[in-house]
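Examination of the molecular architecture
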Amino acid sequence: MATMEECRSALDKLSDNLARAEGEVHAAAALDRSLSCHITDLDVTFTGRLRSGRIEVHDTASGPPREKAQIRLAMKGDDLVAMVDGELNFAKAWASGKVRLEAGFRDLLRLRTLL
């Protein structure tokens, strides 16, 4: 099971990957939205913003998200680490229910490029 530190590191790596992205992926990640990522097996939530193609983590709290972020992710820590390392395909994980992604309809349309 991935640790909280490994999950935070994976989010930082994902942020770096998004910042280096080009073309449609860069455009899709260039939103300014509140973001939460609930790591279900650790029962911890990272909250922050997706802004200008980067994920800015502002807080970490025990339990599910306290406030409803505009973009909400939920998954096990191992799945987050595997996705960021390229070992787990996000679209397949989302389709199988391993990863939950909730957002407004327009944001989902933009984010689909990232999938």
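Residues numbered from 1 in each chain as written. Predicted model: local features only at pLDDT ≥ 70, side-chain atom pairs only at ≥ 80, totals over all residues. Heavy atoms only, no water.

A few words now on empty space enclosed by the protein. The method is simple in principle: a probe with the dimensions of a water molecule rolls over the atoms, and the space it marks as empty is what remains. With the rule as written, the count across this model stands at 1 cavity of 30 Å³ or more. By volume, the largest cavity amounts to about 40 Å³. Around the largest cavity, the lining residues are Leu11, Leu35, Ser36, Cys37, Phe46, Thr47, Gly48, Ile55 and Val57. For the lining of the largest cavity, the class distribution of residues is 6 nonpolar, 3 polar and no charged. (1 Å grid on protein atoms, 1.4 Å probe; cavity = no way out; pocket = protein on both sides within 12 Å on 5 of 7 lines; lining within 4 Å. Points joined across faces, edges and corners; volume = space filled by probe spheres on them. Nonpolar A, V, L, I, M, F, W, Y, C, P; charged D, E, K, R; others polar.)

It is worth spelling out the packing of helix α1 (residues 4-20) against helix α3 (residues 77-84) at this point. At their nearest, the axes of α1 and α3 sit 9 Å apart, and the two run at 30 degrees to each other. Here α1 is positioned roughly parallel relative to α3, judged by the angle of their axes. For α1 against α3, the interelement crossing comes out left-handed. On α3, the residues that touch Glu6, Cys7, Ala10, Leu11, Lys13, Leu14 and Asn17 of α1 are Gly77, Leu80, Val81 and Val84. (Axes fitted to C-alpha atoms, helices over the stretch in contact; angles between N-to-C directions. Helix = DSSP H or I, 4+ residues; strand = E, 2+ residues; numbered from the N terminus. Parallel < 35°, antiparallel > 145°, perpendicular 65-115°, else oblique. Left-handed = near helix turned anticlockwise from the far one by under 90°. Contact = heavy atoms within 4.5 Å.)

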